[in-house]
Amino acid sequence: MDDREPEPAAGSPASLLERAVALATANVGAGGGPFGALVVVDGVVVAEGVNLVTATHDPTAHAEMVAIRRACAELGAFSLDGAVLYCSCEPCPMCLAASMWARLDAVYYAADRHDAARGGFDDRVFYDRFASPRESWPQPVRAIPLLSRTAPFDAWHDHGARVEY
């Protein structure tokens with residue numbers, strides 16, 4: 001009896017996830033982090049991304065963020081409505097929030113946060129922190145009420161040529 005999984009159909013969610021996993025694995029060999037992502041529109045990959053955190057000295061250069069940035073540049077839009085994000089691993093809270101801001105239709109991933117933790121990337125700490133009261137966080141995140149605090153929003157509201165997003 002053959003215990004191997006069947007080969008995923010080309011263009012299927014499983015095959016796209018396999019491609020993201022392959023990107024992540026190759027990125028490790030290139031000295032990067034073990035994460036890969038694809039942005040797909042109508043079954044066509046419009047952008048790929050790998051983790052470039054150490055290569056670019058940018059803590060936000062996660063594979064998902066890189067793929068989203070490249071897709072937006074490729075499509076000339078800040079909204080990825082109609083697009084799907086395929087990730088080698090469950091997105092961290094930052095990347096998940098970015099996918100929501102990008103208006104992606106869906107996010108699919110292969111490994112989960114527990115797999116990542118076993119690999120030395122423990123995003124669970126952030127998920128847990130966001131579920132806890134801010135007063136218990138190690139970094140202070142507090143409002144300092146200024147009289148001018150709403151001035152940028154007032155300017156935005158009054159600006160006749162603003163681009164809504």
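All of these numbers come straight from a predicted model, not from anything done at the bench.

The rules behind these values
- As a convention, each chain's residues are numbered from 1 in the sequence order in which they are written.
- The predicted origin of the model limits local features to residues at a pLDDT of at least 70 and limits the giving and counting of side-chain atom pairs to 80 or more, whereas totals for whole chains, interfaces and linings rest on all residues.
- As a convention, hydrogens and water are excluded, and side-chain values are obtained from all of the structure's heavy atoms.
- Counting from the N terminus, the helices are DSSP H or I runs at least four residues long and the strands are E runs at least two residues long.
- Should any heavy atoms of two residues lie within 4.5 Å, those residues are counted as being in contact.
- In short, Shrake-Rupley with a 1.4 Å probe defines the accessible areas, and a residue's cover is counted only from the protein chains shown.
- Positive: Lys, Arg. Negative: Asp, Glu. His and the chain ends are not part of the count.
- A charge is said to be at NZ when it belongs to Lys, at CZ for Arg, at CG for Asp and at CD for Glu.
- Salt bridges are counted wherever a side-chain nitrogen of Lys or Arg sits within 4 Å of a carboxyl oxygen of Asp or Glu.
- Throughout, exposure labels follow a simple rule: accessible area from a 1.4 Å probe, protein chains only, divided by the maximum for the residue type, with under 20% read as buried, over 50% as exposed, and the rest as partly exposed.
- Two distance rules govern patches: like charges are joined within 9 Å, and nonpolar side chains (Val, Leu, Ile, Met, Phe, Trp, Tyr) within 5 Å, applied only to residues with over 30% relative accessible area and no salt bridge.
- Here a polar contact means two N or O atoms within 3.5 Å. Within protein one must be a hydrogen donor candidate and the other an acceptor candidate, and residues neighboring in sequence count only if both atoms are side-chain atoms.

Looking at the overall build of the protein
At step 1: Helix and strand counts for the protein come out as 7 helices and 4 strands.
At step 2: Ordered by position from N to C terminus, the α and β elements of the protein give α-β-β-α-α-β-α-β-α-α-α.
At step 3: Its C-alpha atoms put the protein at 70 × 40 × 30 Å along the principal axes.
At step 4: For the protein, the proportion of contacts with a sequence separation of at least 24, taken over those separated by at least 6, is 44%.
At step 5: Total accessible area computed for the protein in this model is approximately 10700 Å², and 59% of it derives from carbon and sulfur atoms.
At step 6: Of the charged side chains in the protein, 13 are positive and 22 negative, and the gap between their average positions amounts to 8 Å.

Some details on the pattern of salt bridges
At step 1: Inspection of the entire model under this criterion finds 5 salt bridges.
At step 2: Arg124 is the salt-bridge partner of Asp122, the closest N and O atoms lying 2.9 Å from each other.
At step 3: In this structure, the salt-bridge partner of Arg162 is Glu164, at a minimum N-O distance of 2.6 Å.
At step 4: In this structure Arg162 comes out as partly exposed when scored by relative accessible area, which is 29%.

A few points about a nonpolar patch on the surface
At step 1: On the surface, Phe78, Trp101, Trp156, Val163 and Tyr165 cluster together into a nonpolar patch covering about 640 Å² of accessible area.
At step 2: Positionally, Trp101 belongs in helix H4 (residues 93-101).
At step 3: For Trp101, a relative accessible area of 59% gives the class exposed.

Describing the side chain of Ser15
At step 1: Secondary-structure assignment places Ser15 in helix H1 (residues 13-29).
At step 2: With relative accessibility at 17%, the residue Ser15 sits in the buried group.
At step 3: A distance of 2.9 Å separates a polar side-chain atom of Ser15 from the backbone oxygen of Ser12.

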